[in-house]
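This is what each chain is made of:
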Amino acid sequence: QSALTQPPSASGSPGQSVTISCTGTSSDVGGYNYVSWYQQHPGKAPKLMIYEVSKRPSGVPDRFSGSKSGNTASLTVSGLQAEDEADYYCSSYAGSNNFGVFGTGTKVTVL
Amino acid sequence: QLQLQESGPGLVKPSETLSLTCTVSGGSISSSSYYWGWIRQPPGKGLEWIGSIYYSGSTYYNPSLKSRVTISVDTSKNQFSLKLSSVTAADTAVYYCATWTTVTTPGAFDIWGQGTMVTVSS
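Counting restarts for each chain: residues are numbered from 1 in the order of the written sequence. To label them, take the chains in the order written and letter them from A, then take the ligands in the order written and number them from 1. pLDDT decides what is reported in this predicted model: residues at 70 or higher carry local features, side-chain atom pairs at 80 or more are listed and counted, and totals for whole chains, interfaces and linings draw on all residues regardless. Remark: hydrogens and water are excluded; side-chain values derive from all non-hydrogen atoms of the structure.

Trainee: I would appreciate a short explanation of the overall build of chain B in the present structure.
Mentor: Secondary structure elements are defined from DSSP: runs of H or I of at least 4 residues count as helices, runs of E of at least 2 residues count as strands, and each element is numbered from the N terminus. Summing up its helical and strand segments, chain B has 0 helices and 11 strands in all. Walking chain B from its N terminus toward its C terminus, one meets helices and strands in the order β-β-β-β-β-β-β-β-β-β-β. Considered along the principal axes of its C-alpha atoms, chain B spans approximately 40 × 30 × 25 Å. In chain B, of all internal contacts separated by at least 6 residues, the share reaching a separation of at least 24 is 55%. Calculation of accessible area relied on Shrake-Rupley with a 1.4 Å probe; when residues are assessed, cover is drawn exclusively from the protein chains displayed. When the accessible area of chain B is evaluated, it comes to approximately 5200 Å², of which 48% is carbon and sulfur surface. Side-chain charges of chain B comprise 7 positive and 6 negative groups, with the mean position of each set lying 7 Å from the other. Two residues form a contact once any of their heavy atoms are found within 4.5 Å. All tallies of charge rest on Lys and Arg as positive and Asp and Glu as negative; His and the ends of each chain are not included. Just so you know, the charge point we use is NZ for Lys, CZ for Arg, CG for Asp and CD for Glu.

Trainee: Please explain the overall build of chain A as it appears in this structure.
Mentor: Counting secondary structure elements, chain A contains 0 helices and 9 strands. Beginning at the N terminus, the succession of helices and strands in chain A can be written as β-β-β-β-β-β-β-β-β. Taking 111 residues into account, the globule formula puts the C-alpha radius of gyration at 13 Å, and chain A, at 13 Å, falls close to it. Across its three principal axes, chain A shows a C-alpha extent of roughly 40 × 25 × 25 Å. Taken over C-alpha atoms, the radius of gyration is set against a globule rule of 2.2 Å times the number of residues to the power 0.38.

Trainee: Please explain the pairing of strand β11 (residues 116-120) of chain B as it appears in this structure.
Mentor: In regular strands, side chains alternate between the two faces of the sheet. All names here are of chain B. Because side chains alternate across β11, one face comprises the buried residues Thr116, Val118 and Val120, and the other comprises Met117 and Thr119, none of which is buried. Sheet topology places strand β2 (residues 11-12) next to β11; 2 bridges connect them, and they run parallel. Among the inter-strand pairings, Leu11 is bridged to a residue of β11, identified as Thr119. A pair of strands counts as paired when DSSP detects no fewer than two bridges linking them. As defined by bridge partners, strand β9 (residues 93-101) adjoins β11 across 3 bridges and the pair is classed as antiparallel. Bridging from a neighbouring strand, Val94 pairs with Met117 of β11. In this scheme, a residue with accessible area under 20% of its type's maximum is buried, one over 50% is exposed, and one in between is partly exposed, where area comes from a 1.4 Å probe on protein chains only.

Trainee: When you look at the nonpolar core in this model, what are you seeing that I'm missing?
Mentor: A general tendency of soluble globular proteins is for nonpolar side chains to be buried together. All names here are of chain B. If you look at the biggest cluster of nonpolar residues, it comprises 27 residues, and the most contacted ones within it are Leu18, Trp36, Trp38, Val69, Phe80, Leu82 and Tyr95. When residues of this core are traced back to their parent elements, those giving at least two are β3 (18-25), β4 (34-41), β5 (48-54), β7 (69-74), β8 (79-84), β9 and β11. Examining the composition of this core, we find that 4 residues originate from one element, β3, more than from any other. Once residues lying within four places of it in the same chain are set aside, the contact partners of Leu82 are Leu18, Ser19, Leu20, Trp38, Ile50, Val69, Thr70, Ile71 and Tyr95. Side-chain atoms within 4.5 Å link the members of a nonpolar core, which is a set of buried Ala, Val, Leu, Ile, Met, Phe, Trp, Tyr and Cys residues.

Trainee: Is there a simple way to think about the state of the cysteines in this case?
Mentor: Covalent bonding between the sulfur atoms of two cysteines defines a disulfide. Residue and element names in this part refer to chain B. Here, two cysteine sulfur atoms that lie within 2.5 Å of each other are counted as a disulfide. Going through the model one piece at a time under the given rule, you end up with 2 disulfides over all chains. The residue that forms a disulfide with Cys22 is Cys97, at a sulfur-sulfur distance of 2.1 Å. Judged by the sign of its S-S torsion, about 65°, the cystine formed by Cys22 and Cys97 is right-handed. Remark: Cys97 occurs in strand β9 and Cys22 occurs in strand β3; sequence separation between them is 75 residues. For the pair Cys22 and Cys97, one class covers both residues: buried.

Laid out in structure tokens, this is it:
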């Protein structure tokens, strides 16, 4: 099972929006609505930001939103803030042999 | 509130077996809501799911690691463990324990331990 493909980097100024793509196959992203997104600050454990493609866990700001079309999922961060600067990983369920295929990761920089 | 904490040696010799334990607090490992799993992250690289276990003992492993991985659960200690055999330098990583839930945030790893760095070196 190959990793999902994400752009290595993305950036935006405070207040702007940034969108990160996550491309997989019909065996993972395209086959299930169990796509999730994680934020990871340096030296910290990942934090769940989006689950089931577009749902936010309690406590996650509504500036974070997710969507999916075919084999590609996307995370949009609106109204960028300095604390949003982090690495972001997507993940997709891919069957009982793979609870989580992860993306290659995207470093978001707030200019 | 559920919390996870990894423990185990930080240094393992090549060809030996890496052993880690994750202690669950704030809840029961016998909960039917969670699968208990391990995820690793080599330095400067991305995340890789290693495997997960249900409290009943059913296990699910990443096919690329399946031949070397054993995950087990100890309900009496509220812990689950990872064993990775025949390690090489490529297994050097931060190892996280994490829950995969079917209830609160379906299909996602919602609770993570802080991670523990394991280095494979002689």
